[in-house]
Amino acid sequence: MPKVIFDTDPGVDDAMALLFLQRHPDIELVGITTVFGNAAVEQTTRNALFLKRAFKIDAPVVRGAGVTFDRDRPPRPWPTIVHGENGLGDIDIPNEADLPIGEEEEAAQFIIDTVRQNPGEISIVAVGRMTNLANALARAPDIAGLVKDVVVMGGSFYVPGNVTPAAEANIAGDPEAADLVMTAPWKLTVIGLDVTGKTVMTRTTLKQLADRGGPEVSLLNELSQSYIDFYDHLIADAMLVHDTCACVYLIRPDLFDTVTGQIRVSCGGLTDGQTVLKPSHRRFPPGAWDDFPAQTVAVNVAADKVMALVHDILVRR
């Protein structure tokens, strides 16, 4: 049973991924670390605490980074057009005393401590900016050899980005952090737009799941409505389930086609945030990819089987 730290910036699609992790019988969720991204870290932490209570999750929520790994990088605006002003589709989130958000960035230390206490057992699923992971690596490089594996939702390799033609949102939000994470000597898989763009949840299907899945899935249905509206420019009356794909890979990697190679992230200029793969089967002159470990990149997916699994798990109680 994988022990999972879920690094997240909830986020509509983050909420579905979190419920998938909670309901899957073969996953032990040991921690939820928050990061800025879909909203400020104060809001994403409040969102995570709200979802922890709504989904009846025992794992702790630990507040993480609120600024980029490179403190001099100019901030990007919050994606309110996608996730709403509060990050969860602008549903009503209670501002109550039993949702303390804290003031310290403790996620990096939580990752370090948990990995060291469980060597070879912790899988990290990171579906937001990579800042917490980069901060943990910078503070304790040895954890790279102690983590079981890392699954990242982010990047794009053979398809366009979604915040610029070159860059996907999670990577573009903190490219320096992402470059450190992609080049670290741990086992890492990137689940990017190449595959998540093929995993579709329709409004009708989500409503049907809500009717079967109890109040937790009804909440998912409620907070996803404006997100589905946003995706009308790409797909009719449906949304992409980016973050849940990374969770599915953890359990069913056989549903994904992958390639290997060194990955670097462009940090600056026109292609800021672009993820660039040097495929293992290709030979190039010496360059910036040399001397880094080969990682795994998902390039295709059995989308129907992935979505069937997501449907089954979401209605499991």
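Cut-offs applied
- Residues numbered from 1 in each chain as written.
- Predicted model: local features only at pLDDT ≥ 70, side-chain atom pairs only at ≥ 80, totals over all residues.
- Heavy atoms only, no water.
- Helix = DSSP H or I, 4+ residues; strand = E, 2+ residues; numbered from the N terminus.
- Contact = heavy atoms within 4.5 Å.
- Buried < 20%, exposed > 50% of the residue type's maximum accessible area, 1.4 Å probe, protein only.
- Salt bridge = Lys/Arg side-chain N within 4 Å of Asp/Glu carboxyl O.
- Phe/Tyr/Trp six-rings, centres within 6.5 Å; stacked < 30°, edge-to-face > 60°.
- Axes fitted to C-alpha atoms, helices over the stretch in contact; angles between N-to-C directions.
- Parallel < 35°, antiparallel > 145°, perpendicular 65-115°, else oblique.
- Left-handed = near helix turned anticlockwise from the far one by under 90°.

S.K.: Got a minute to help me understand the environment of Val 41 in this structure?
M.R.: By secondary structure assignment, the location of Val 41 is in helix α2 (residues 41-54). Taking C-alpha positions, Val 41 is 9.5 Å from Pro 10, a pair spaced 31 residues apart along the chain. Discounting residues that sit within four places of it in the chain, Val 41 has contacts with Thr 34, Val 35, Phe 36, Arg 63, Gly 64, Ala 65 and Gly 66.

S.K.: What is the right way to read helix α4 (residues 107-117) from this model?
M.R.: Each turn of an α-helix holds 3.6 residues, which means side chains three or four residues apart point in the same direction. What α4 keeps buried is the set Ala 107, Ala 108, Phe 110, Ile 111, Ile 112, Thr 114 and Val 115. Elements that come into contact with the buried residues of α4 comprise β1 (3-8), β2 (28-34), β3 (61-62), β4 (122-126) and α5 (131-139).

S.K.: Looking at this model, I keep getting lost on unusual backbone geometry. Mind explaining?
M.R.: Cis peptide bonds are those with omega within 30 degrees of zero, and the linkage from Pro 10 to Gly 11 qualifies with -10 degrees. Within the secondary structure, Gly 11 sits in the loop between β1 and α1 (12-23). With phi around 60 degrees, Asp 90 is a residue other than glycine that occupies positive phi space. Among the secondary structure elements, Asp 90 is positioned in the loop between α3 (80-83) and α4. Using a relative accessible area of 45% as the deciding quantity, one classes Asp 90 as partly exposed. Positive phi, normally seen in glycine, also occurs at Asp 291, with a value near 70 degrees. With respect to the helices and strands, the residue Asp 291 is situated in the loop between β10 (275-279) and β11 (295-301).

S.K.: Honestly, the pattern of salt bridges in this entry has me stumped. Any pointers?
M.R.: Once their charged atoms are close, side chains differing in charge can pair, the charge on each being opposite to the other. Scanning all chains against the criterion turns up 13 salt bridges. For the salt bridge of Asp 142 with Arg 116, the shortest nitrogen-to-oxygen distance reads 2.8 Å. One end of the pair, Asp 142, is in the loop between α5 and β5 (149-153); the other, Arg 116, is in helix α4, with 26 residues separating them in the sequence. Residue class for Arg 116 comes out partly exposed when judged on its relative accessible area of 42%.

S.K.: Sorry if this is basic, but what is going on with the packing of aromatic side chains here?
M.R.: A ring pair, where both rings are aromatic, is described by two values, the distance of the centres and the angle of the planes. Under the definition given, this model contains four aromatic pairs. A centroid spacing of 5.3 Å and a plane angle of 75 degrees characterise the contact between Phe 230 and Tyr 231, whose relative ring orientation is edge-to-face. The class of Phe 230 is partly exposed, set by a relative accessible area of 25%. Taking 5.4 Å as the distance between ring centres and 70 degrees as the angle between the ring planes, the aromatic pair formed by Tyr 249 and Phe 256 counts as edge-to-face. For Tyr 249, a relative accessible area of 14% corresponds to the buried category. We classify Phe 256 as buried; its relative accessible area is 6%.

S.K.: Where do I start with the packing of α4 against α5 in this structure?
M.R.: When two helices pack together, their arrangement is given by the angle between the helix axes and by the axis-to-axis distance. Two numbers describe how α4 lies on α5: the axes approach to 8 Å, and their chain directions differ by 60 degrees. Considering their axes alone, α4 and α5 lie oblique with respect to each other. In this structure, α4 meets α5 at a crossing whose hand is right-handed. On the side of α4, the interface is formed by Ala 107, Ala 108, Gln 109, Ile 111 and Ile 112, while α5 contributes Asn 132, Leu 133, Asn 135, Ala 136 and Arg 139.

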